[in-house]
Amino acid sequence: MAENNISNTFPTVSIVIVCMNNLKNLYPCLESIRKYTKVSYECFVVAFFFSKENLEKVKADFPWVKIIESNEYRGFAENNNLALRQAKGKYCWVLNDDTYMDQPVIDKMVEAIESLPEDAACVSPKSLFPDGRLQSCGRPPHTFWTTLLGELRLYHEQRSKSKYINQSGIFETATVVGAFFLIKTDLFRRIGWFNEQYYFCPEDVEVGMKLHDLGHKCYVNSDVYIYHTEGTSYKLSKTRAATMPAGAEGSL
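Okay, so let's go over this structure. Since we're looking at a predicted model, the values are computed, not measured.

### Let's talk about unusual backbone geometry
Leaving glycine out, the prevailing phi sign among residues is negative, and the prevailing peptide bond configuration is trans. A positive phi is found at F49, a non-glycine position, where the angle reads about 50°. Locating F49 in the fold gives a position in the loop between strand 2 (41-48) and helix 2 (52-61). Relative accessible area serves as the criterion here: at 29%, F49 is assigned to the partly exposed category. Even without being glycine, W193 reaches a positive phi, approximately 60°. Relative to the elements of secondary structure, W193 occurs in the loop between helix 6 (185-190) and helix 7 (203-213).

### Section: helix 7
Along helix 7, the residues that are buried comprise E203, D204, V205, E206, V207, G208 and L211. Tucked inside the fold, the buried residues of helix 7 contact helix 3 (76-84), strand 6 (120-128), strand 9 (180-184), helix 6 and strand 10 (217-228). G215 sits one or two residues past helix 7 and shows a positive phi near 90°.

### Description of the environment of V45
With respect to the helices and strands, V45 occurs in strand 2. Look at V45 and you get buried, because its relative accessible area is 1%. Once the C-alpha coordinates of V45 and N79 are considered, the two residues, 34 residues apart in sequence, prove to be 9.8 Å apart. Sequence-distant contacts of V45, defined by excluding residues within four places in its chain, comprise I17, C19, L26, L30, V65, K66, I67 and I68.

Procedures and definitions
- Residues numbered from 1 in each chain as written.
- Predicted model: local features only at pLDDT ≥ 70, side-chain atom pairs only at ≥ 80, totals over all residues.
- Heavy atoms only, no water.
- Helix = DSSP H or I, 4+ residues; strand = E, 2+ residues; numbered from the N terminus.
- Buried < 20%, exposed > 50% of the residue type's maximum accessible area, 1.4 Å probe, protein only.
- Contact = heavy atoms within 4.5 Å.

Here it is, written out as C-alpha cells:
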C-alpha cells in the first residue's frame, strides 16, 4: 500500500490539493494517489468551506492526509499557498481535485525532472478527458492579445501553432498548467509561491514567467498522462459567478 511511503520528515514530494467541499472529486483523486505513488510523499488537502460531516469523513477515510481547514473567502492561489508554505518535500506536486491517475504519474514526473538539465524547474504530464480525448499537452507563450482573444473565445491555446505544445517525449513548454505540475520546492519558494492577487487564474501563467525570468525552464512529459474532468473543481455556482469578473481582470 502507498501509505508505507507517507513521510512526515523529508518526503520526496509534497502533494497539495485544494477542494471546495466536493468529495465526488476528491475521493477518486486521493485513491489514485494512494494506489499509484511509490516515491515518499506527504499529502495536503486544503478543505475550502467543508461541511463538518465531510471534514470528519475525509479525516476518517484518509488518515494519512494532512487537512488544512480554510473557512474564509480565499482564491485558488491563496488556498494553495496555505499548504505550500508547510511543504517539506524536495518537490511540490500541485494538483486539482478533479484529476485522477491510472498509472504512477507522480513517480514518472520525479524521474523526468531528475533526468533534465539543472535549469529545469518543473514538469507536467499531458492531460486527457475521461473519455480518453487529448485535453492539453504543454502551453504556448501568453501575450496580452492571446489572453484578450481567449477571453472573447476567439483563441484556444491548444489549437495554436507552437513548438511549446503537442510535441513528443519530454519537451520544453512555455509555462505550467496549474491543475497538475511538479516543481522544485526551493524555486517555488524563491518566487513567492502563487501570486495571491489572482482569485482563480492565471496564477499558473505567472509562475512560468517568473521561472523564465530566473533562467529556468518548464517541461512536459507527453508520454505520461493524467485524467482531468476540468471545471468540476470550480463548477458553476454563485461563488464562481461572483468571481468571474475578477478572473477576467487578472488574466488581462
